[in-house]
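The primary structure of each chain is shown beneath.
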Amino acid sequence: MKLMYDLPESDEAAYQALASPSEKKMYCLPFDFHNGQRVKGYMLMTDKCLYKILDGQILASWELPRLHAMTTEVMYGICGLFAKVDGHSTLLCNFISGRNLPRYSLLVTAFDRYEEDALTDPMESNEPERYCPKCGRPFMPGTQICPFCQSKAEVYKKLWGLTKGLRLYMLFPLLAAALSVGIQFTLPVIKKILINDYITNTGIVLTANVLAHFLLIVGLIALGDLFSQLINIARSRLAVISGGRFSTMMRTLLFEKVQSLSISSISKRSVGDLMGRINNDVSVVQDFMVNQLPTYFAQLFSFFLGLILMLWLNWLMCLFIFIPLPFTVWLISRFWGHQHRRDVRCWILSMRTNRNLQDVLSGIRVVKTYGHEDEAIAEFTFHTKKQAEKDESNSKLYNTFFPILAFIVQLGNYFILFYGYNLLFHQEMDIGTLDQIRSYAGIIYGPLIWITFIPRNISNFLTSVSKVLEILEEQPDIADIDLPLDIRIEGDVHIDNITFGYDSFNPVLKKVSVDVKHGEMIGIVGHSGCGKSTLINLIMRLYDVNEGAITIDGVNIKDISQNALRSQIGVVLQETHLFYGSVRDNIKYAMPNASNDEVVAAARMANAHDFIIKLPQGYNTIIGEKGYSLSGGERQRIAIARALIHNPRILILDEATAALDTETEKMIQDAISKVTTGRTTFAIAHRLSTLRNADKLIVLDHGRLAEFGTHQELLASKGIYYKLVMAQQRAAAIKQQEG
Amino acid sequence: MSTADKKTEQNQEEDLFYVRPSVPLDSSNAKFFLSEGNLISMDLTKEDGTVEHFERVIPIRAFPITNPDEFICIREPDIKDKGHGDEIGMIRHLTDVDEESQKLIQKELASRYTTPAITKINGIKEKFGYAYWEVETDSGKLSFVMTNMYRNIRTMEDNRVYITDIDGNVFTIPNPDKLDKNSYHRIEIYL
């Protein structure tokens, strides 16, 4: 993300006039709102001063020591940068929301650091820039692609690289297309002979020779038709083969890539987006490469072939065909332009109907319990009626104008006929040639009606290609070092002064240090959003820390191979995702070669064996999406068994018992106390009672380590932990009273 | 544990669960004035007659679209160390406070709620599924990019149109029927 914009000349001059020569520019950010108008101004922070510069004028300047408590505030459609100037709250500048908020947040962080110690070198941001540096337009969301500035040649080149091994398959459809065009153009020549020699020639005498010639001609026509059909069959079959291979290859590549990326690069995108790229975008690319491209090629080929042939046959007649062409194309594009607008309108209305339908159907219980059926019916009727009306008028118009258009497009034919018969009459042309020219005209005019779709298809294709390529080219940001260590983990975890934020300008954890001996159970507590889950994400190395280090048994986790690390950590999350498959398969997930003995042992340890055995097919019962439905507690215990199967040295429980009733919690509690012995355990729990067995507790507050110690120590110190315990006891007491 | 200890403990607990009660504000208990930093300061007269001074308060509309001049919340600003600012009170209708205060609040609201009103649409160019708009508004000429046109263009009951761009900025067309013919033609299909 850019944090140092270049000042325009006049602004730079104004700054130079005011600043002292030793001043050093630190950050220069644009602000774009002033006195109710959009403007292009700059906030320039140096090591001494903050300047507000607009149109060659310094609107204001504040020496840094006069400023305190700088913050950004998000308002409606606009944001503000505020600070206390000499103790009075003041608005420093306004800027437009999305574009610059991350930049200003970073400026605030930089200023905080300046207030804390001293201003060091300007901070860098590893946030991806969201706006094209060339044209300033936004990139396509979630990508680094600017549809205006991307080099098309480069995209084609990269695509070419991807087609390795498939090029022969791809070449054939092109060749076939050319061949079938060739036949298309040969047939009229043969027909011409047929017409001139046999149909219009009345003085013909039937001899054996003539009959043979006639049969040859007819045979050639039949053969030509047959051959072109055969080519079509071969072409379609090959298109299916190459298309299938191409998309399989692309999808596999994409999927492998997605699997190799870190959580942080994946979570930048939604599941829907990734699924879209793997499914839809690949289909678009495939369809273009194997279906549309040969078609366009054939059309282009036949256009030029037809042009040359007709010029050669009769240039004047050729003009009759080609002169109205620009007008025809204009007419066609006007028609489709109009039709497109109407189609969009229909599409929007159908989306609204769908949305309404989805809304009401998924909330049907609410609708029924509030007795709102009539309103729901009325609303749905309103939407469908509107859609139907629009559809009707749209279809009527389309069905009226499309035939008219088709008629207009081939108007040139009548000129040909008129002029041709004129020539015929004066015996300057024979009927065969006239028919030949008419056939060519048909071949050329035929695809014309779809010609305006080509640019749109190409641009859709390019977008999809870029989206696919972007994933393929992404560099994994959490990678193993060159020679990663495969250590056998004991379980001493040492967290040394770590700072981390999902966005670098917004640290979630600040300077946290904790020392954990192997076999200890550590509870992590704090308000929601204080960084609990983040801390365990870092221990699992789903993300890399920004500053500081995490070591296990004295080895930095960055030096341990990810495989070795994760195979020795067991995780139970609040959201237990069970895959479609049997109970056994799900428990074996972390160790596919586990024996049935081990599966049962893990299930027993997780207090899951008893209920599994009561399932109709025991350990072979199919669960997961659409499988046998288990209760939350049962799912949770299977997840615990899954985490235990490979006997991990480090166990992580992230809110494993939230959302469970007390009785189930008790079962899981027992399971947990059984399984935590001898393992280093990190447990996050909302209910503090879950953590009563914990050896030590980490209390986080706004990303800082607020307290660390045993239950007794923390209660005695009467800090945050004490308050949390009191609050929960109070809530429990109220519940009891009510009960 | 002595009773005194118990009492302080209870106080501590009260502190923990203390949430400032929001009070109805009008000219009788609230006085707003321009702060040193050109923002709004406020004096709140409490029931017991004591006056609480706020260096800076923020007005927020509860119904920014349907009732912009009613239900104005007056809140303390969010401060990093403390987290969210508490609500001090609510003005049922802006005319409930004195004229001076009204003007101040109106001015602050106007600067906090920025929805440029589109007066003319110079062009909507669709490319790659994104629409690139060139418009003229009451805060100058500007361009923005939007996607998902059917979801991000909303027509309210009073015919007012709200357009949300890719950055989450909001633009409005107060009355599409009053646009010039070309501009109207450009957005017609999305309404």
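The rules behind the values
- Residues numbered from 1 in each chain as written.
- Chains lettered and ligands numbered in written order.
- Predicted model: local features only at pLDDT ≥ 70, side-chain atom pairs only at ≥ 80, totals over all residues.
- Helix = DSSP H or I, 4+ residues; strand = E, 2+ residues; numbered from the N terminus.
- Buried ≥ 20, exposed ≤ 12 C-beta atoms within 10 Å, placed from the backbone.
- Contact = placed C-beta atoms within 7 Å.
- Core = buried A, V, L, I, M, F, W, Y, C linked by C-beta atoms within 7 Å.
- Domains from an automatic or database assignment.
- pLDDT = per-residue confidence, 0-100.
- Pairing = 2+ DSSP bridges.
- Axes fitted to C-alpha atoms, helices over the stretch in contact; angles between N-to-C directions.
- Nonpolar A, V, L, I, M, F, W, Y, C, P; charged D, E, K, R; others polar.
- Expected span 1.5 Å × (residues − 1).
- Arc of directions from axis to C-beta.
- Parallel < 35°, antiparallel > 145°, perpendicular 65-115°, else oblique.
- Left-handed = near helix turned anticlockwise from the far one by under 90°.

### A short note on the overall build of chain A
Along chain A, the regular secondary structure elements total 23 helices and 19 strands. Considering chain A as a whole, with its 739 residues, one finds that 28% of them fall into the buried category. A sequence separation of at least 24 residues applies to 70% of the contacts in chain A between residues at least 6 apart.

### As for the overall build of chain B
Counting its secondary structure elements, chain B contains 4 helices and 13 strands. By the burial criterion, 21% of the 191 residues in chain B qualify as buried. Once local pairs closer than 6 in sequence are excluded, the contacts in chain B between residues at least 24 apart make up 33%.

### Digging into the nonpolar core
Residue and element names in this part refer to chain A. The biggest cluster of nonpolar side chains holds 66 residues, and the ones touching the most others in it are Ile524, Ile640, Ala641, Ile652 and Ala683. No fewer than three residues from each of domain 2 (484-568 + 652-739) and domain 3 (575-647) sit in this core. When sequence neighbours within four positions are dropped, the list of residues in contact with isoleucine 524 reads Lys532, Leu535, Phe682, Ala683, Ile684, Ile698 and Leu700. Within the second largest apolar cluster, 32 residues are counted, among which are Cys28, Leu50, Tyr51 and Cys79.

### Quick look at the confidence of the model for chain B
Predicted confidence across chain B gives a mean pLDDT of 82, with 87% of residues reaching 70 or more. Across the interfaces of the predicted complex, the ipTM metric reaches 0.85, alongside a pTM of 0.65.

### Structural notes on the sheet that holds strand β5 (residues 58-63) of chain B
All names here are of chain B. Across the sheet, which stays open at both edges, the 4 strands sit in the order β1-β7-β6-β5 with mixed pairing between neighbours. The sheet is open, and its two edges are formed by β1 (23-25) and β5, each paired on a single side. Adjacent strand axes in the sheet meet at a mean angle of 40° when their direction is disregarded. Looking at chain direction, strand β6 (residues 67-75) and strand β7 (residues 87-93) are connected through 5 bridges and run antiparallel. Note on β7: the bridge partner recorded for isoleucine 74 is glycine 89.

### As for the interface of chain B and chain A
Each partner contributes residues to the interface: chain B has 31 residues there, and chain A has 32 residues. Broken down by secondary-structure element, the contributors of at least two residues to the side of chain B that touches chain A are α1 (3-17) and β10 (140-146) of chain B. The leading source of residues in the side of chain B that touches chain A is β10 of chain B, at 3 residues. Each residue belonging to the side of chain B that touches chain A can be placed in one class, and the counts come to 13 nonpolar, 10 polar and 8 charged.

### Quick word on unusual backbone geometry
Located in the positive-phi region is asparagine 647 of chain A, a residue other than glycine, with phi close to 50°. Mapped onto the elements, asparagine 647 of chain A comes out in the loop between α20 (632-644) and β16 (650-654). Although it is not a glycine, phenylalanine 71 of chain B sits at a positive phi angle of roughly 50°. With respect to the helices and strands, phenylalanine 71 of chain B occurs in strand β6.

### Some points on helix α2 (residues 99-112) of chain B
Residue and element names in this part refer to chain B. In a regular helix each residue adds 1.5 Å, so 14 residues correspond to 20 Å; α2 covers 20 Å between its end C-alpha atoms and thus fits that length. Within α2, burial applies to Ser101, Leu104, Ile105 and Leu109. With its buried residues spanning 130° around the axis, α2 presents them on a single face. For α2, the exposed residues set more than 90 degrees away from the buried face come down to Glu99 and Ala110.

### Section: α20 of chain A
Residues separated by three or four positions in an α-helix point in the same direction, a consequence of the helix having 3.6 residues per turn. All names here are of chain A. Taking 1.5 Å as the rise per residue, α20 with 13 residues should run 18 Å; its terminal C-alpha atoms sit 18 Å apart, in good agreement. Across the 13 residues of α20, 11 count as buried, placing the element largely inside the fold. For α20, every residue scored as buried is listed here: Gly633, Glu634, Gln636, Arg637, Ile638, Ala639, Ile640, Ala641, Arg642, Ala643 and Leu644.

### A short note on the packing of helix α9 (residues 325-362) of chain A against helix α11 (residues 373-409) of chain A
Residues and elements named next belong to chain A. Look at α9 against α11: their axes get within 9 Å of each other, and the N-to-C directions meet at 165°. Relative to α11, the element α9 is oriented roughly antiparallel. Where α9 crosses over α11, the handedness of that crossing is left-handed. Residue composition of the contact of α9 with α11, by class: 15 nonpolar, 9 polar and 7 charged.

### Focus: the packing of helix α5 (residues 208-260) of chain A against helix α14 (residues 453-473) of chain A
All names here are of chain A. At a closest axis distance of 9 Å, the pairing of α5 and α14 adopts a crossing angle of 45°. As summarised for this structure, α5 and α14 are arranged oblique, according to the angle between their axes. In the crossing of α5 with α14, the sense of the turn from one axis to the other is left-handed. Listed contacts from α14 to Met250, Leu253, Leu254, Lys257 and Val258 of α5 are Val468, Ile471 and Leu472. Of the residues in the contact of α5 with α14, the class split is 7 nonpolar, no polar and 1 charged.

### Description of the pairing of strand β8 (residues 493-500) of chain A
By the bridge criterion, 5 bridges tie β8 of chain A to strand β9 (residues 509-516) of chain A in an arrangement that is antiparallel. Within the sheet, the bridge partner assigned to isoleucine 498 of chain A lies in β9 of chain A and is valine 512 of chain A.

### Here's the deal with the sheet that holds strand β11 (residues 547-552) of chain A
All names here are of chain A. In spatial order, the strands read β9-β8-β11-β12; together these 4 strands make up an open sheet with antiparallel pairing. Of all strands in the sheet, those with a lone pairing partner are β9 and β12 (555-556), marking the two edges. Contacts between helix α15 (residues 532-539) and the sheet are confined to β8, β9 and β11, with β8 contributing the most and set at about 120° to the helix.

### Side note on the environment of glycine 168 of chain B
If you trace the backbone, glycine 168 of chain B turns up in the loop between β12 (161-164) and β13 (170-173). Separated by 22 residues in sequence, glycine 168 of chain B and methionine 146 of chain B place their C-alpha atoms 9.2 Å apart.

### Overview of the confidence of the model for chain A
Looking at chain A as a whole, the pLDDT averages 83, with 95% of positions reaching at least 70. Taken element by element, chain A is modelled with least confidence in helix α6 (residues 263-267) of chain A, mean pLDDT 70, and with most confidence in helix α17 (residues 583-587) of chain A, mean pLDDT 91.

### Brief notes about the environment of valine 170 of chain B
Within the element layout of this structure, valine 170 of chain B appears in strand β13. Residue classification places valine 170 of chain B among the buried residues on the basis of 20 C-beta atoms within 10 Å. Considered as a pair, valine 170 of chain B and threonine 114 of chain B are 56 residues apart in the sequence and their alpha carbons are 7.9 Å apart. With residues near it in sequence (within four places) discarded, valine 170 of chain B still touches Gly77 of chain A together with Thr115, Tyr162 and Thr164 of chain B.

### A word on the environment of lysine 46 of chain B
Of note, lysine 46 of chain B is situated in the loop between β3 (40-45) and β4 (51-54). Placed 16 residues apart in sequence, lysine 46 of chain B and alanine 30 of chain B show a C-alpha to C-alpha distance of 9.2 Å.

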